[in-house]
Amino acid sequence: MLYVVIIFLWVSILLYLLLGGADFGAGITELFTSPKNRPQVRQTLYKAIGPIWEANHMWLIIAIVILLVGFPEIYSTMSTYLHIPLAIMLLGIIARGTAFAFRHYDAVVDDMQEVYNRIFAWSSFITPFFLGIIAGSSVSGQIDTEARDFLTSYIYSWLSWFTVAIGLFTVAICGFLAAVYLIGEAENPQERARFRKKAFVMNIAAVASGGLVFLAAYRQNIPLWEWTFGNATGIAAVIAATASLIILWYLMYQGRTMILRVLAGFQVSMILLAVTFSHFPNIVILKQGTLSLMDHAGHEKTIEALAMALLIGSVFILPALFYLMWSFQRSAMPHDSYDA
Amino acid sequence: MDDFIAARSQMALSLGFHIVFSCIGMVMPFFMAVAHYKWLKTKNIVYRNVTKAWSKGVAIFFATGAVSGTVLSFELGLLWPEFMKHAGPIFGMPFSLEGTAFFIEAIALGFFLYGWNRFNPWFHWFTGVVVGISGLASGILVVAANAWMNSPAGFDYVNGQYLNVDPIKAMFNDAWFSQALHMSIAAFVATGFAVAGVHALMILRGQNVEFHRKAFRIAAIFGTVAAVLQPLSGDISAKDVAKRQPAKFAAMEAHFHTEKPAAFTLGGIPDEKNKTVDYAIRIPYLLSFLANGDFHSEVTGLDKIPKEDQPPVAIVHYAFQIMIGLGVAMMLIAFIYFTAIWKKKEWLNTKWLLKLFVIATPMGFIAVEAGWTVTEVGRQPWIIHGVMRTADAVTPMPGIAYSFYIFTAVYISLAFIVSFMLYRQIRMVGKVYDVADNNEKTH
């Protein structure tokens with residue numbers, strides 16, 4: 001049963017990255033679009049994420065609930081030492097969620113729109129940046145549970161070149177996902193070209209920040225290279241990710257937008273697999289030892305009940321979610337084979 | 001500001017903020033479902049307009065409620081890591097189910113808000129009902145988790161260890177039913193009166209009277225029926241609290257001295273030093289009856305509870321009095337409204353009846369906040385009643401005061417923006433939903 005829970009945890013994190021991440025990416029895309037083109041980008045992304053955007057962010061709640069119920073020590077350690085980045089991320093989530101709803105449901109369209117837009121775009125950048133920092137600091141060995149001073153305990157637990165690079169990498173990945181997804185939502189060839197260009201830029205940014213991550217890991221003696229390339233699964237995942245990226249760019253102009261989306265999603269899943277597989281089941285690496293999903297799980301009965309709740313829950317959630325996405329995808333379908 | 005007080009204040013602020021949005025989010029879908037049903041049945045365009053106007057409000061409230069709820073799921077750990085480390089696996093069951101309910105609510109809301117003209121009308125209507133049912137289920141589950149803190153169950157506490165954990169028993173603790181019932185009805189009272197009050201004001205102003213009358217009627221019926229039921233569920237809650245948490249019950253009543261039979265203290269200013277309540281009205285025998293269903297029974301006073309286990313008396317007492325006072329006021333308005341519907345139809349067209357509802361607009365939500373103050377402050381000094389003290393659960397990180405200031409600023413600005421947007425929504429009703437205009441472009 002423990003494995004059921006762990007799989008759910010991993011899948012929720014992955015889906016949050018793929019769906020929630022693309023949502024953030026939509027805001028990031030908007031942030032990096034010239035003011036002249038913004039209204040149209042805004043319209044397209046609203047059409048794309050409007051109906052499912054609330055659902056996309058539920059994966060974070062599922063992941064956090066799994067941690068707090070099933071792995072309480074991991075949850076409480078992270079929330080103690082990563083208090084500050086978590087709080088900033090939460091402020092980002094508040095700002096983004098409300099600004100998105102406000103700008104589409106405000107009955108009067110006036111200068112307030114510009115305020116909501118700014119908040120939405122910037123918080124779309126800040127939130128995944130800090131999510132990346134949190135993810136990075138959970139494995140970088142920076143958390144020092146024996147430190148007695150404020151800076152070591154609560155600032156250097158998350159602030160380093162490595163975590164900042166991962167933050168940037170996360171932002172780039174989100175932007176890349178969004179740009180690729182949005183190609184299929186574009187209304188006309190110019191817009192499609194714009195999203196293609198965005199996807200290209202974000203891809204470059206992801207490669208560059210990914211390089212930074214390795215560089216920072218090297219400087220901070222984090223065995224990232226070994227984690228990624230030190231085992232067969234890691235290498236296979238990296239090869240698969242690279243291959244899917246090459247195919248993606250090869251197919252970019254052929255107009256099969258659904259395949260592009262699947263490839264982009266697959267590529268990101270492989271990256272997540274490569275970086276998580278090798279130090280599994282250690283989900284948090286502290287300065288003093290590790291927190292393992294196997295050794296720090298809650299009581300047996302709790303895990304059983306949690307697994308049952310997740311299984312029963314997914315019987316309701318998955319078909320409904322799939323039907324929701326499919327229903328609102330249909331209108332976009334005719335565009336699928338456009339200017340081949 | 002002391003870090004411990006700051007942490008408690010931030011938690012109280014976050015809960016106090018979230019509770020308003022979650023009440024609206026779980027009750028409004030039912031109002032919409034009624035209006036939507038009437039539109040589908042009667043094809044009266046006004047009902048469709050009411051449904052659509054409400055759904056825009058709900059979208060704003062749901063989004064705000066969803067993010068403030070997300071914040072809470074993290075804040076439990078950010079502020080109370082020691083509590084979560086032990087309590088998480090015991091009382092987490094309702095949270096994991098709540099995750100599902102909340103997820104379904106979000107999916108159904110996507111269908112409902114964006115589904116106009118896309119689906120079979122009755123499927124579309126049904127998705128709206130699902131929003132309400134899953135919202136209500138989320139609320140009940142979260143309250144069940146809170147009830148566990150008042151009435152810990154499903155584990156043995158031996159030498160500081162939490163053994164024999166049974167998350168199902170923990171979820172169905174002794175307090176879950178009374179608390180969930182009281183909170184669910186409270187959500188209907190508060191939302192019903194708030195919505196009815198706003199529409200009553202618009203009728204009084206003579207703007208889009210037909211629209212607002214139909215909206216008013218739906219909200220008022222829900223609110224008033226719930227207001228009449230609420231004292232009954234309150235009685236169940238009171239008896240339950242008297243039995244399980246005598247300290248909380250004594251604080252609610254500022255009941256300093258154990259009495260047999262005990263008198264009910266109405267209002268007054270508790271003097272914690274001299275153990276008296278000044279300027280209060282005392283009704284003999286009533287407290288014995290409320291606590292135990294027996295006019296001559298003994299009711300434990302604060303004198304039998306060690307000083308270090310007592311909650312702050314004054315706040316709990318005032319909050320309890322406010323809740324009861326407002327509850328009674330809304331119940332009386334409900335009776336007047338029922339009389340108007342059944343016996344005195346002419347009252348329905350009078351201004352004073354509408355004015356009564358306008359005055360009552362904030363009452364339900366003030367009562368909800370007061371009620372939560374009673375539950376939460378009344379549980380102090382415990383975070384898990386009788387097991388763990390709140391002071392032992394707080395995060396070791398210093399400087400929580402700054403976090404409290406920032407979150408306060410954010411929540412206050414959000415409250416302002418939401419009110420501002422609501423004001424604009426209501427003002428636009430005339431333009432967007434004018435009946436004469438809409439008749440041509442019925443879709």
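Please refer to the structure higher up on the page.
Thresholds, definitions, all that
- Residue positions are counted from 1 within each chain, in the order its sequence is given.
- Each chain takes a letter, starting from A, and each ligand takes a number, starting from 1, following the order in which they are written.
- Reporting of local features is limited, given that this is a predicted model, to residues whose pLDDT is at least 70; pairs of side-chain atoms are given and counted only at 80 or more, and all residues count toward the totals for whole chains, interfaces and linings.
- Side-chain numbers come from the whole structure's heavy atoms, not from hydrogens or water.
- Note on conventions: DSSP H or I runs of at least 4 residues are helices, E runs of at least 2 residues are strands, and numbering of each starts at the N terminus.
- Throughout, a contact is declared for two residues whenever any of their heavy atoms are within 4.5 Å.
- Accessible surface area values rest on a Shrake-Rupley calculation with a 1.4 Å probe, where residue burial reflects the displayed protein chains alone.
- Counting rule for charge: Lys and Arg are taken as positive, Asp and Glu as negative, and neither His nor the chain ends is counted.
- For charged residues, the charge sits on one atom: NZ in Lys, CZ in Arg, CG in Asp, CD in Glu.
- Whenever a carboxyl oxygen of Asp or Glu lies within 4 Å of a side-chain nitrogen of Lys or Arg, that contact is scored as a salt bridge.
- Only protein chains enter the area calculation, which uses a 1.4 Å probe; residues under 20% of their type maximum are buried, those over 50% are exposed, and those in between are partly exposed.
- The directions considered for the arc are those from the helix axis to the C-beta atoms.

Draft legend 1. Summary view of the overall build of chain A. The helix and strand tally for chain A stands at 14 helices and two strands. Considering only residue pairs separated by 6 or more positions, chain A has 79% of its internal contacts joining residues 24 or more positions apart. With the model as given, the accessible surface of chain A reaches about 14,000 Å², and the carbon-plus-sulfur share is 70%. Each charge class in chain A can be summarised by its mean position, and for the 19 positive and 20 negative side chains these summaries are 10 Å apart.

Draft legend 2. View of the pattern of salt bridges. Overall, the coordinates contain twelve salt bridges over all chains when judged by the stated rule. Notably, a salt bridge pairs Asp166 of chain B with Lys301 of chain A, separated by 3.9 Å at the nearest N-O pair. Here Lys301 of chain A lies in helix H14 (residues 300-330) and Asp166 of chain B lies in the loop between strand E2 (161-163) and helix H6 (167-171), a pairing that spans two chains. Overall, the relative accessible area of 47% leaves Lys301 of chain A in the partly exposed class. The shortest N-O distance in the salt bridge between Glu298 of chain B and Lys304 of chain B comes to 3.5 Å. For Lys304 of chain B, a relative accessible area of 52% gives the class exposed.

Draft legend 3. Representation of the side chain of Ser137 of chain A within the structure. Its location among the elements puts Ser137 of chain A in helix H7 (residues 112-139). Residue classification places Ser137 of chain A among the buried positions, given a relative accessible area of 0%.

Draft legend 4. Main features of helix H12 (residues 351-359) of chain B. Residue and element names in this part refer to chain B. Within H12 the residues assigned to the buried category are Leu353, Leu354 and Phe357. The buried side chains of H12 occupy one side of the element, clustering within an arc of 95 degrees when seen end-on. For H12, exposure combined with an orientation more than 90 degrees from the buried face picks out Lys351 and Ile359. Buried-residue contacts for H12 involve helix H7 (176-204), helix H8 (209-244) and helix H11 (313-342).

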